[in-house]
Amino acid sequence: MEAKNIDLRGFKFIETADGSLTLYNPIFDETYHSKTAGAVRESLEKFVYPSLILEKAKSQKSIVILEVGFGLGYNAAVAITELLKVNPNLKITYWGLDLIVNPLIEKLSLPQPYGEIYELLKHRLLKEKKLQFSEGNLEFNLILGDATKTIKGLNIKADAIFHDAFSPQKNPQLWSLEFFKEEKRNIKPEGFWVSFSVAKKVRQNLLKLGFKLFNVKPVGRRAPSTAASLNPPERLNEYLTPLEEKELKKLLKG
Ligand SMILES: C[S@@+](CC[C@H](N)C(=O)[O-])C[C@H]1O[C@@H](n2cnc3c(N)ncnc32)[C@H](O)[C@@H]1O
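For the structure given in this document, a descriptive report is provided here. (Residues numbered from 1 in each chain as written. Predicted model: local features only at pLDDT ≥ 70, side-chain atom pairs only at ≥ 80, totals over all residues.)

1. Comments concerning the pairing of strand β9 (residues 187–195)
Reasoning step 1: Direction of pairing for strand β8 (residues 158–163) relative to β9: parallel, over a ladder of 5 bridges. Residue pairing across strands places F162 opposite V194, the latter belonging to β9.
Reasoning step 2: Regarding topology, helix α6 (residues 177–185) serves as the crossover connection from β8 to the parallel β9, and that connection is right-handed.
Reasoning step 3: Sheet topology note: the β9/strand β11 (residues 225–229) ladder contains 3 bridges and is antiparallel. From the neighbouring strand, W193 faces β11, where its bridge partner is A228. (Pairing = 2+ DSSP bridges. Helix = DSSP H or I, 4+ residues; strand = E, 2+ residues; numbered from the N terminus. Right-handed = clockwise from strand over helix to strand, strands pointing away.)

Structural data, given as structure tokens:
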């Protein structure tokens, strides 16, 4: 879908807890980020830190990220900036999937240190209309279209999958077992799938596919979020706690 064909009526800018702005999407009747966690804080604490990519960036030469729901590009800008802070020579390959490039991102900005990469992404996507580009050690690819279809053409091995669709209630097709199978095909065994959801069905689908589950330290609410890996390393970080036996039993019971 071309950006210029989107009906922007009903989209609203909303301030989140850390002062960063997000958007309300009237089609899905949901905001792009948690108002109570704060948009930038959510990127860091629900996606970047629990995915263990910063730890891996210290010893690996390259990191591959797949984001389902590129949205406003916040997770991308935050992750790329944080990775380059840890290892300025790192080769980063970023794959984003979304229905559209939302033209309203032109009006959004991110605080430093994320502003620089965010402005670069916006410039390439909106001004130059490039969905694929290389910049230094960054290779960026945004694939537009329904992710249930576009993911089938993807054949990568990601260190992290940022699963950032709208909620399972509003966006169920991106939380199905079939969709998770496609994500499993595109992740390294030791890679981490991370998402804001703690829904039972979501966790059960991940378990069915052989993922080991982790609670991610809550941010902006009482409930944790979810991280999952097929073959997690022994050394985790403070954001990740393996599910307790009783939580697992409850999930397996149905
Ligand atoms: C919660 S927002 C993502 C926020 C984003 N990760 C960020 O950092 O700004 C969810 C995104 O999923 C996208 N989406 C919803 N259904 C989709 C589908 N079937 N295929 C691809 N993208 C979809 C929406 O367009 C929206 O941009």
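Now that the structure has been shown, the text picks up again.
2. As for the site of the ligand
Reasoning step 1: Taken together, 20 residues lie near the ligand, and G69, G71, L72, A147 and D164 sit nearest.
Reasoning step 2: Contributing elements (two or more residues each) for the shell around the ligand: α3 (74–86), β5 (91–98) and α5 (147–150).
Reasoning step 3: Partitioning the shell around the ligand into residue classes produces 10 nonpolar, 7 polar and 3 charged. (Near = placed C-beta within 6 Å. Nonpolar A, V, L, I, M, F, W, Y, C, P; charged D, E, K, R; others polar.)

3. Focus: the nonpolar core
Reasoning step 1: Core analysis: the largest hydrophobic core is formed by 63 residues, its most contacted members being I53, I65, A77 and A79.
Reasoning step 2: In contact with A77, other than residues within four places in its own chain, are L110, Y114, I117, Y118 and L121. (Core = buried A, V, L, I, M, F, W, Y, C linked by C-beta atoms within 7 Å. Buried ≥ 20, exposed ≤ 12 C-beta atoms within 10 Å, placed from the backbone. Contact = placed C-beta atoms within 7 Å.)

4. Looking at the pairing of strand β10 (residues 212–216)
Reasoning step 1: As paired strands, β10 and β11 are joined by 5 bridges and run antiparallel to one another. Residue K212 lies in a different strand from β11, and its bridge partner there is S229.
Reasoning step 2: In terms of strand pairing, β10 meets strand β12 (residues 240–242) through 3 bridges, oriented antiparallel. From the neighbouring strand, F214 faces β12, where its bridge partner is P242.

5. Description of the environment of I92
Reasoning step 1: Among the secondary structure elements, I92 is positioned in strand β5.
Reasoning step 2: By C-beta crowding, I92 is classed as buried, having 23 other C-beta atoms within 10 Å.
Reasoning step 3: C-alpha of I92 to C-alpha of K61: the two residues are 31 residues apart in sequence and 8.9 Å apart in space.
Reasoning step 4: Leaving out residues up to four positions away in the same chain, I92 has contacts with I63, I80, L83, N137 and L138.

6. As for the sheet that holds strand β1 (residues 12–15)
Strands in a sheet are paired, the pairing made by backbone hydrogen bonds, and the direction either parallel or antiparallel.
Reasoning step 1: Read from one edge of the open sheet, 3 strands run β1-β2-β3, paired in antiparallel fashion. The strands lining the two open edges of the sheet, one partner per strand, are β1 and β3 (30–31).
Reasoning step 2: Relative to β3, strand β2 (residues 21–25) runs antiparallel, the two sharing 2 bridges. Bridge pairing in β3 places Y24 opposite T31.

7. Some thoughts on unusual backbone geometry
A negative phi angle is the norm for most residues apart from glycine, just as the trans form is the norm for most peptide bonds.
Reasoning step 1: The step from Q112 to P113 runs through a cis peptide bond, and the omega angle for that step is 10°.
Reasoning step 2: With respect to the element layout, P113 can be found in the loop between β5 and α4 (115–127).
Reasoning step 3: Even without glycine at this site, D29 takes up a positive phi of about 55°.
Reasoning step 4: Tracing the backbone through its elements, the reader meets D29 in the loop between β2 and β3.
Reasoning step 5: Residue D29 is classed as exposed on the basis of its 12 C-beta neighbours within 10 Å.

8. With respect to the environment of K129
Reasoning step 1: By the element assignment, K129 lies in the loop between α4 and β6 (132–135).
Reasoning step 2: The exposure class assigned to K129 is exposed, which follows from the 10 C-beta atoms found within 10 Å.
Reasoning step 3: Along the chain, K129 and K157 lie 28 residues apart, while their C-alpha atoms are 27 Å from each other.

9. Remarks on the sheet that holds β9
Reasoning step 1: Pairing within the open sheet is mixed, and its 9 strands lie in the order β6-β7-β5-β4-β8-β9-β11-β10-β12. With partners counted over all chains shown, the strands left at the sheet margins are β6 and β12, one partner each. Within the sheet, the average angular offset between the axes of one strand and its neighbour, ignoring direction, is 20°.
Reasoning step 2: Packed on one face of the sheet, α3 meets β4 (62–68), β5, β7 (138–144) and β8 and runs near 170° to β5. (Axes fitted to C-alpha atoms, helices over the stretch in contact; angles between N-to-C directions.)

This is a description of form; function is not addressed.
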